[in-house]
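Analysis of the macromolecular model
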Amino acid sequence: MESYIRELEDKIGQTRILGKKVSYEIYDAEGIGSRQEKQLQEMYAQDYDVMLVNLVEPASAASVLTDAKDADIPVILFNREIDEKDLKISKNVWYVGTDARAAGVMQGGTVERSLEKTKQNT
């Protein structure tokens, strides 16, 4: 996630909308669902233009998306696959990611190939 955040900050730093620099705030729940919930409540109150969210607990997506809809804040979810029905809570919700099962298969294949190469070199 650290490299993703650095890259995102670089891109945001280079971006201008209507000639103005984009301002942003990064929150890190450090994998703690209750901390993320408090951070999200703060974001709704700040009336952000958009939120990018990596859910600690994908099962909380419906609640998060409903609150964002009520606050009229578009949400882009990433990294954690959520239930398809939750994406329909609002027209202003998007998911960026891959099928978790497919990603696991690809990762397993990468590990397998790496182990095979290691065996060949010993």
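My aim in this report is to walk through the structure given alongside it, one point at a time. (Residues numbered from 1 in each chain as written. Predicted model: local features only at pLDDT ≥ 70, side-chain atom pairs only at ≥ 80, totals over all residues. Heavy atoms only, no water.)

**With respect to the layout of surface pockets**
Volume-wise, the largest pocket comes out at about 1,100 Å³. If you go around the largest pocket, you meet 35 residues; those closest to its centre are Leu8, Glu25, Ile26, Tyr27 and Leu52. For the lining of the largest pocket, the secondary structure elements donating two or more residues are α1 (2-14), β2 (20-21), α2 (33-46) and β3 (51-53). (1 Å grid on protein atoms, 1.4 Å probe; cavity = no way out; pocket = protein on both sides within 12 Å on 5 of 7 lines; lining within 4 Å. Points joined across faces, edges and corners; volume = space filled by probe spheres on them. Helix = DSSP H or I, 4+ residues; strand = E, 2+ residues; numbered from the N terminus.)

**Considering the nonpolar core**
If you look at the biggest cluster of nonpolar residues, it comprises 16 residues, and the most contacted ones within it are Leu40, Tyr44, Met51, Val53, Leu55, Leu77 and Ile82. Elements with a contribution of two residues or more to this core: α2, β3, α3 (61-70) and β4 (75-78). When residues of this core are assigned to their parent elements, the largest contribution, 4 residues, is made by α3. Setting aside residues up to four positions removed in sequence, Ile82 forms contacts with Leu55, Pro58, Ala61, Leu65, Leu77 and Leu87. (Core = buried A, V, L, I, M, F, W, Y, C linked by side-chain atoms within 4.5 Å. Buried < 20%, exposed > 50% of the residue type's maximum accessible area, 1.4 Å probe, protein only. Contact = heavy atoms within 4.5 Å.)

**Considering the pattern of salt bridges**
In this structure the tally under the stated criterion is 3 salt bridges. As a salt-bridge pair, Arg35 and Glu30 come within 2.6 Å of each other at their nearest N and O atoms. By relative accessible area, Arg35 is classed as partly exposed at 33%. Accessibility expressed as a relative area gives 57% for Glu30, which makes it exposed. One salt-bridge network, in which partners are shared between bridges, spans Asp83, Lys85 and Asp86. (Salt bridge = Lys/Arg side-chain N within 4 Å of Asp/Glu carboxyl O.)

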